[in-house]
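What the coordinates show
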Amino acid sequence: LAALADAATVEGRLLAATFRGRVTRAVSMKTKVLLGGGRYQTQIAKDGTFEFPDVAVGTYILEVQSPHLVYSR
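Overview of the structure. Given the structure is predicted, the values throughout are model-derived calculations rather than measurements. Residue positions are given per chain, counted from 1 along the sequence in the order it is written. Only residues with pLDDT of at least 70 are given local features in this predicted model, and only at 80 or more are side-chain atom pairs given and counted; all residues enter the totals for whole chains, interfaces and linings. Computation of side-chain values: all heavy atoms of the structure, hydrogens and water removed.

Examining the side chain of S28
- By definition, any uninterrupted DSSP run of H or I lasting at least four residues is a helix, any uninterrupted run of E lasting at least two residues is a strand, and each is numbered from the N terminus. With respect to the helices and strands, S28 occurs in the loop between β3 (22-25) and β4 (32-35).
- A relative accessible area of 13% places S28 in the buried class.
- By the criterion applied in these results, polar contacts are pairs of N or O atoms within 3.5 Å in which, for protein atoms, one can donate a hydrogen and the other can accept it, and in which residues neighboring in sequence qualify only through two side-chain atoms. Among the polar contacts listed, one links the side chain of S28 to the backbone nitrogen of K30, at a separation of 3.0 Å. When accessible area is computed with a 1.4 Å probe and restricted to protein chains, residues below 20% of their type maximum are described as buried, those above 50% as exposed, and intermediate ones as partly exposed.

Given below as structure tokens:
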């Protein structure tokens, strides 16, 4: 029998803006990633990765707040 988890880790990576294969704007270290309307918040690492440990099971919208780039929800 498999135990059901009541929390999980959500992780990902933001990519820089590119045009014709060239980086036009790097991901700013001031970028915030929000989950669930800000219930969970984290900063990105230098390589653009982010992680939300111990997120309660459910459905969430992930949002990115960047001073220079626009990301879809």
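Observations regarding the environment of A45
- Position of A45 among the secondary structure elements: in the loop between β5 (40-43) and β6 (49-56).
- Among the residues examined, A45 registers a relative accessible area of 33% and is labelled partly exposed.
- Along the sequence, A45 and L62 sit 17 residues apart, while their C-alpha atoms lie 17 Å from each other.

A closer look at the packing of aromatic side chains
- The pairing test for Phe, Tyr and Trp rings, Trp by its six-membered ring, is centres within 6.5 Å, and the orientation test on the planes gives stacked under 30 degrees, edge-to-face over 60, and tilted for anything in between. For the structure on display, the rule yields two aromatic pairs.
- Look at Y40 and Y60: their rings are 5.8 Å apart centre to centre, the planes differ by 80 degrees, and that puts the pair in the edge-to-face class. One end of the pair, Y40, is in strand β5; the other, Y60, is in the loop between β6 and β7 (62-65), with 20 residues separating them in the sequence.
- Residue class for Y40 comes out buried when judged on its relative accessible area of 15%.
- Ring plane angle 70 degrees and centroid distance 6.0 Å describe the contact between F50 and F52, whose orientation is recorded as edge-to-face. The residues F50 and F52 share a single accessibility class, namely buried.

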